[in-house]
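Listed below are the residues making up each chain.
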Amino acid sequence: MSRLCDLSLDEVTDGIRNQHFSAEDYVSHILERIARLDADIKAFVSVNTDHAVESARRIDSKIRRGEKVGYLAGITVGIKDNISTKGLRTTCASRLLADYVPPYDATVIRKLKESDAIVIGKLNLDEFAMGSTTEFSNFGPTRNPWNLDYVAGGSSGGSAAAVAAAECTASLGSDTGGSVRCPASFCSVVGFKPTYGSVSRYGLIAYSNSLEQIAPIARTVSGVVRLMNVISGVDPNDDTTRTVASPYSVESNGNHLRIALLNNLTVNAQPEVSKCIYSAMDTLSSAGCICEEITLDSLEFALASYYVIAMAEASSNLARYDNIRYGFDLDPEGYEWNSYFAKVRSNFGEEVKRRIIVGTYVLSSGYYGRYYLKAQKVRALLRREFKSLYSKYDVIIAPTMPILPFKIGEKIGDPIKIYYMDIDTVISNLTGMPAISIPAGFSNGLPIGLQIMSDDFQEQKIFDVALLFERTSKIQARSPL
Amino acid sequence: MISNYSTKIGLEIHCQLTGLKSKLFCSCHCNYREYSPNENICPTCTGLPGTLPLLNQTAIEKAAMVCMALNCTIPNNILFYRKNYFYLDLPKNFQLTQYNAHGITSIGVDGLLGYGQGEARIRRVQLEEDPGRLSYVKGSSGSLIDYNRAGVPLVEIVTEPDFHDPKDVRLFLNKLASIVEHLGVCDTSLEGAVRCDANISIGDSRRVEIKNVSSFGDVEKALKFEMTRQKAMLNYEMEIRGETRHWDEQRKITKQSRTKEEEQDYRYFHEPDIPSIQIDEDYLKELHSKMPELPDERKERFINYYKLTEHVSKVLIDHKDLADYFEESAKIYFAPKEISSIIVTDLMSYADDNSKKLGSTIRNIKMSPKQLAEIARMIKEGIVNRKTAKQLLYEAVVSGKLITSSENETNFRKIDDEGLILRSIENVFETESLAVLDAKKNPNVSNYLLGKVMELTKGRVDPGRALSLINKKLLEH
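Residues numbered from 1 in each chain as written. Chains lettered and ligands numbered in written order. Predicted model: local features only at pLDDT ≥ 70, side-chain atom pairs only at ≥ 80, totals over all residues. Heavy atoms only, no water.

1. With respect to the sheet that holds strand S11 (residues 395–399) of chain A
Residues and elements named next belong to chain A. Note the following rule: In this scheme, strands are said to pair when DSSP sees at least two bridges between them. The numbering of helices and of strands both runs from the N terminus, where a helix is a DSSP run of H or I of at least 4 residues and a strand a run of E of at least 2. A fitted line through C-alpha atoms represents every axis, and for helices the fit uses only the stretch in contact; the resulting angles, taken between N-to-C directions, go from 0 to 180 degrees. Any two residues whose heavy atoms approach within 4.5 Å are treated as being in contact.
Within the open sheet, the 11 strands sit side by side as S1-S3-S2-S6-S8-S7-S12-S13-S11-S9-S10. Their pairing is mixed. Looking at which strands have only one partner, the edges of the open sheet turn out to be strand S1 (44–47) and strand S10 (290–294). Ignoring strand direction, the axes of neighbouring strands in this sheet form an average angle of 30°. Strand direction decides the pairing type here: strand S2 (residues 76–80) and strand S6 (residues 170–175), joined by 3 bridges, are parallel. Residue Val 77 lies in a different strand from S6, and its bridge partner there is Ala 170. Set on the sheet, helix H5 (residues 157–164) makes contact with S1, S2, strand S3 (118–123), S6 and strand S8 (213–218); between it and S6 the angle comes to about 155°.

2. Points about unusual backbone geometry
Just so we agree on the cut-off: Note on classification: 1.4 Å probe, protein chains only; a residue is buried when its accessible area is under 20% of the maximum for its type, exposed when over 50%, partly exposed between these limits.
In this model, Gly 154 of chain A is joined to Ser 155 of chain A through a cis peptide bond whose omega is 5°. By the element assignment, Ser 155 of chain A lies in the loop between strand S5 (147–151) and H5. For Asp 116 of chain A, which is not glycine, the phi torsion reads 70° and is therefore positive. Along the chain, the position of Asp 116 of chain A falls in the loop between helix H4 (107–114) and S3. You will see that Lys 252 of chain B, though not glycine, has its phi angle at about 60°, which is positive. Judged by relative accessible area, which is 39%, Lys 252 of chain B ranks as partly exposed.

3. A word on the pattern of salt bridges
Convention followed: Any carboxyl oxygen of Asp or Glu that lies within 4 Å of a side-chain nitrogen of Lys or Arg is treated as forming a salt bridge with it.
Taken as a whole and judged by the stated rule, the model has 52 salt bridges over all chains. A salt bridge links Arg 201 of chain A to Asp 273 of chain B, with the nearest nitrogen and oxygen atoms 2.9 Å apart. Placement of Arg 201 of chain A in the loop between strand S7 (190–193) and S8 and of Asp 273 of chain B in the loop between strand S14 (269–270) and strand S15 (277–278) is noted, with the two residues assigned to different chains. Neither residue differs from the other here; Arg 201 of chain A and Asp 273 of chain B are each classed as buried.

4. Describing the environment of Ser 316 of chain A
We count it as follows: A 3.5 Å cut-off defines polar contacts: any pair of N or O atoms within that distance qualifies, except that in protein one atom must be a possible hydrogen donor and the other a possible acceptor, and neighbouring residues in sequence count only when both atoms are side-chain atoms.
Its location among the elements puts Ser 316 of chain A in helix H10 (residues 302–317). Among the residues examined, Ser 316 of chain A registers a relative accessible area of 1% and is labelled buried. On a C-alpha basis, the gap between Ser 316 of chain A and Gly 359 of chain A in space is 8.0 Å, while along the polypeptide they are 43 residues apart. Looking at Ser 316 of chain A, its side chain comes within polar contact range of the side chain of Asn 84 of chain B, at 2.8 Å.

5. Comments concerning the side chain of Asn 429 of chain A
Residue and element names in this part refer to chain A. Within the fold, Asn 429 resides in helix H15 (residues 426–431). According to the relative accessible area criterion, Asn 429 is buried, its value standing at 1%. Residues in contact with Asn 429, not counting those within four places in the same chain, are Asp 175, Thr 176, Gly 177, Gly 178, Arg 181, Lys 193, Leu 211 and Arg 379.

6. Brief notes about the side chain of Ser 298 of chain A
All names here are of chain A. Structurally, the position occupied by Ser 298 is in the loop between S10 and H10. Within polar-contact distance, the side chain of Ser 298 engages the side chain of Glu 385 at 2.5 Å. Here Ser 298 is in contact with Leu 381, Leu 382 and Glu 385, once residues within four sequence places are set aside.

7. Description of the packing of aromatic side chains
Residues and elements named next belong to chain A. As a reminder of what qualifies: For this analysis, a ring pair means two rings from Phe, Tyr or Trp (six-membered ring only for Trp) whose centres lie within 6.5 Å, classed as stacked if their planes differ by under 30 degrees, edge-to-face if by over 60, and tilted for the remaining angles.
Summed over all chains, the structure comprises 36 aromatic pairs over all chains. Ring plane angle 90° and centroid distance 6.3 Å describe the contact between Phe 186 and Phe 406, whose orientation is recorded as edge-to-face. With a gap of 220 residues between them, Phe 186 in helix H6 (residues 181–187) and Phe 406 in the loop between S11 and helix H14 (415–420) connect regions that are remote in the sequence. Each member of the pair, Phe 186 as well as Phe 406, is classed as buried.

8. Observations regarding the interface of chain B and chain A
To be explicit about the condition: Once two parts are brought into contact, the accessible area they lose, counted with a 1.4 Å probe and summed over both, makes up the buried area. Under the convention adopted here, Pro, Cys and the residues Ala, Val, Leu, Ile, Met, Phe, Trp and Tyr are nonpolar, Asp, Glu, Lys and Arg are charged, and Gly plus all remaining residues are polar.
In this complex, chain B contributes 32 residues to the contact, which on the side of chain A involves 39 residues. Where chain B abuts chain A, roughly 2,900 Å² becomes buried across the two surfaces, and 60% of that area is made up of carbon and sulfur atoms. Interface area lost by chain B to chain A is led by Pro 49, Phe 86 and Arg 267 of chain B, which between them contribute 21%. For the interface between chain B and chain A, the tally reads 1 salt bridge. Taken together, the links from chain B to chain A amount to 18 residue pairs in polar contact (both at pLDDT 80 or more). The residue makeup of the side of chain B that touches chain A, split by class, is 19 nonpolar, 7 polar and 6 charged.

9. So, empty space enclosed by the protein
All names here are of chain B. For clarity, the threshold we go by: Any residue with an atom within 4 Å of a point lines the site, the site being either a cavity, points on a 1 Å grid over the protein atoms alone where a 1.4 Å probe fits but cannot get out, or a pocket, an open set with protein on both sides within 12 Å along at least 5 of 7 lines. Grid points are joined across faces, edges and corners, and a volume is the space filled by probe spheres set on the points.
For the structure shown, the criterion picks out 8 cavities of 30 Å³ or more. A volume near 140 Å³ is recorded for the largest cavity. Along the walls of the largest cavity sit 16 residues, with Thr 44, Leu 52, Pro 53, Lys 92 and Leu 96 positioned nearest its centre. In terms of residue class, the lining of the largest cavity is made up of 7 nonpolar, 3 polar and 6 charged.

10. Quick look at the environment of Leu 450 of chain B
Residues and elements named next belong to chain B. For Leu 450, the position within the fold is in helix H14 (residues 445–456). Sequence-wise, Leu 450 and Ser 368 are 82 residues apart; in three dimensions their C-alpha atoms are separated by 31 Å. With near-sequence residues (within four places) excluded, Leu 450 lies in contact with Pro 463, Ala 466, Leu 467 and Ile 470.

11. Observations regarding the layout of surface pockets
Size it by volume and the second largest pocket reaches roughly 740 Å³. Around the second largest pocket sit 29 residues that line it, and Ser 210, Gln 376 and Arg 379 of chain A together with His 270 and Pro 272 of chain B are the ones nearest its centre. A per-element tally of the lining of the second largest pocket places helix H13 (residues 369–389) of chain A first, with 6 residues. Residue composition of the lining of the second largest pocket, grouped by class: 12 nonpolar, 10 polar and 7 charged.

12. A closer look at helix H11 (residues 386–399) of chain B
All names here are of chain B. What counts here: Helix span is expected to be 1.5 Å times the residue number reduced by one.
Over its 14 residues, H11 runs 20 Å from end to end, which matches the ideal 20 Å to within 8%, given 1.5 Å per residue. For H11, the full list of buried residues reads Thr 388, Ala 389, Leu 392, Leu 393, Ala 396 and Val 397. Where H11 terminates, the next one or two residues include Gly 400, which has phi positive at roughly 80°.

13. What to know about the sheet that holds strand S13 (residues 253–256) of chain B
All names here are of chain B. The 8 strands are arranged S5-S6-S9-S1-S10-S11-S12-S13 in an open sheet whose pairing can be described as mixed. The open sheet terminates on both sides in strands that have one partner only, identified here as strand S5 (108–115) and S13. Neighbour-to-neighbour, the strand axes of the sheet open up by a mean angle of 30°, direction not taken into account. Sheet strands touched by helix H1 (residues 57–69): S5, strand S6 (118–129) and strand S9 (153–159). Its angle to S6, the strand with the most contacts, is close to 170°.

14. Some details on the state of the cysteines
As a reminder, the rule being used: The definition used for a disulfide is geometric: two cysteine sulfur atoms within 2.5 Å.
Following the criterion strictly, the structure yields 0 disulfides over all chains and no others. No disulfide involves Cys 276 of chain A; its nearest neighbouring cysteine sulfur is the one of Cys 291 of chain A, lying 15 Å away. The cysteine Cys 72 of chain B is free of any disulfide, with Cys 67 of chain B supplying the nearest cysteine sulfur at 4.8 Å.

15. Points about the nonpolar core
Generally speaking, nonpolar side chains in soluble globular proteins are found buried as a group. Note the cut-off: For our purposes a nonpolar core is just a set of buried Ala, Val, Leu, Ile, Met, Phe, Trp, Tyr and Cys residues, chained together by side-chain atoms within 4.5 Å.
Core analysis: the largest hydrophobic core is formed by 102 residues, its most contacted members being Leu 112 and Ile 452 of chain A. No other element matches the 8 residues that helix H2 (residues 23–41) of chain A contributes to this core. In this structure, Leu 112 of chain A is in contact with Leu 72, Val 77, Ile 79, Ala 117, Leu 172, Leu 227, Val 230 and Ile 231 of chain A, ignoring residues within four places of it in sequence. Val 66, Phe 94, Leu 96 and Val 125 of chain B belong to the second-largest nonpolar core, a separate cluster that totals 73 residues.

16. Description of the environment of Leu 48 of chain B
In this structure, Leu 48 of chain B sits in the loop between strand S1 (7–16) and H1. A residue is classified by how much of its surface remains accessible, and Leu 48 of chain B, at 11% relative accessible area, is buried. Between the C-alpha atom of Leu 48 of chain B and that of Lys 92 of chain B, which follows or precedes it by 44 residues, the distance is 8.1 Å. With sequence-adjacent residues up to four places away left out, Leu 48 of chain B is seen in contact with Tyr 100, Pro 103, Arg 320 and Tyr 326 of chain A together with Pro 43 of chain B.

Right under this line is the structure:
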């Protein structure tokens, strides 16, 4: 008999709906795990205990009365702490939002609540989602459940670690340049970045508006698919949302699809990672997919282009944090307003400051053409090239991360090295196309993720291949703790 | 000689789209004036983290109408840009506006507007959000911020430096105001609904910007002051600094701005949260068919249909409310000459000698267009003379009641008895002895005495006759 916490998303909703166990039992079990484990993992920034228990009781009484319950009834969802939750502190792991309580729910939160999912708490991240290790959090780093000395990845490190440690059924993160796929890979869970415009960003505290999407994490592909069925779709509160092809199916028929392996990315990867991705390709081949290798030279410019655009947008997005309307406790008495701004904003962490400075620079007159405009051109070029690739292939596979998880503190002094980690993931953010990271294996007990990408709104193809791989590779979705 | 130096003036007009229901990017009310501070706000217009701008499509429509009226080209791809700068009244510390440096994407460009005898080129029209407002509390070092106005849609209209005389600026602004009134996009009588910045350069001197001018009359005054100031400086061979100056409404002078507005780098870039807006031919065609009658067309109609003079038509149409009042009245009793003459000459005298206020005067008087039509009828049918009509008009304007001649005829009967007139003059001479002394030296003062006599007789004497009696009396005195 497996533990309640290890049940997949489908097993939890089935178990509760069929009264094998109550939502309250399940939530209590999860809360007990958080209380026991999270002092070590540090995935949670806030735990929503009272609300969670209350919601569970409401669901149970609905079921007892024979009333219909929502699609995600009783599952516990952890929320990255840059997604607005009404009445629940939303900090972005920053000193500047230490005391900020949003007066409204993000669209994804409203949709989760409407489908009877339970918001179990808020999860750690790199400050304002800027980082790839969750070490740049004002609350300290989140630890990798597979080895507590190692980074969980980032910036949605809390979201991936909490799911990997079975501290919640599933979670939401945000993916700007790989922020969900990176920690999903490092923590051996499934993380999916939807097509730009599939999921409403209303309530997501912006880091880089044109690149990011709210992105689900679960221990199984079907968990992610079910979350997508709830959170995606046109939102009148977000003019960039578009009609999606949901509901997505969890019945895989990916065994006929044409797959290309992007070998620029395996060449640049750590040998253990590369080996694992080739073996994943073999697995898919044996399952009936048509696989071949391709090289794309223009990928050389992707990383620089990504950081220029992301930092430019970030420098403007973060300008509003001046502590005048909301923020943290800092007495303005005796300050002229300009110097108060400066004082307030000196409280950003090192990485955030770095990105604001670079972003301000690349947008300034005289440099706009040399950096920002050029980055946009690279972006348009990449989109064209991938569009043409998808006329030949259904999906493209690659490593999610070029390296294995590393020890906390190992790279923190070298921001460029950390930026380079994103080289495989930023592609899909620049093109706006969907991509998933699924567990592909381990090397010395450290997880490796397989990335599957596809064309705009072709999420179903990604899910089909991911489900096929999940079933044939037999990598078990289990918690190490 | 400095008199040969040419003066170049350009304008930047901000016009709130007060005719809209909601703000530019959220559903808060566009009419922020009725609310207590920070009552007309929401997470979006206060820039709370995670909020997104939702473009008010009607604002695009109204702004496009303004562009059409100004003969602008409307590009088929419209974008919004962020203008990044820090200020307390700016919730996001960037303003959503439009920008043409990376391709023409503002709502309108390259327009032309004729006024009086001249015309001015319109460089661009752009749609943008108004910031909040700061107020300073007496006796406190702090300031208060009210975000009720934050996010209210503005069209910014920028002209080429095509003006040479501040008087032309005034004419142009009146024309523009009438256009936005006729389009129903802006109620220019509302405080702060229209703001104008101007720039002026003389000869080869550097450009001086004038900001903070809240009325059109003051734009002209500020520009006249600046011309005088700059020409005086040039006469003394002093260099004119390129700078921003503020108009001091009390002292009627321009002052160097206290805060140094150095060359700011606004780091414009396309707002990713607002997808580009496609404007096609069909949209413009439909919009064209929805365009209300514009001032020039209306003026032509007034001249041709009502047979009004060019001048009277222009005065009426410069203020849509006047023109509307006129037409409503003329519909009830077709006497366009009488009605327009009463509005343009008689009602004008109630308007504090300020033609800008004429529009709001007509809105505030108690007399209905129907009552005006009735007065016009009485004049035309010879029931009352013009002087009596003036009395009736005055009563109607202040009380909203029209006293018909049959009801209270005696009050309006003319005084023909010369003895009675002389007695009134003597009374006035007694109470105004100083003026009488002045009048002997200065013939103009006798008009003052006449006014007093008219006042005393409630206008029932013939003013020509009274004046000659006054002058006779002065000689005897």
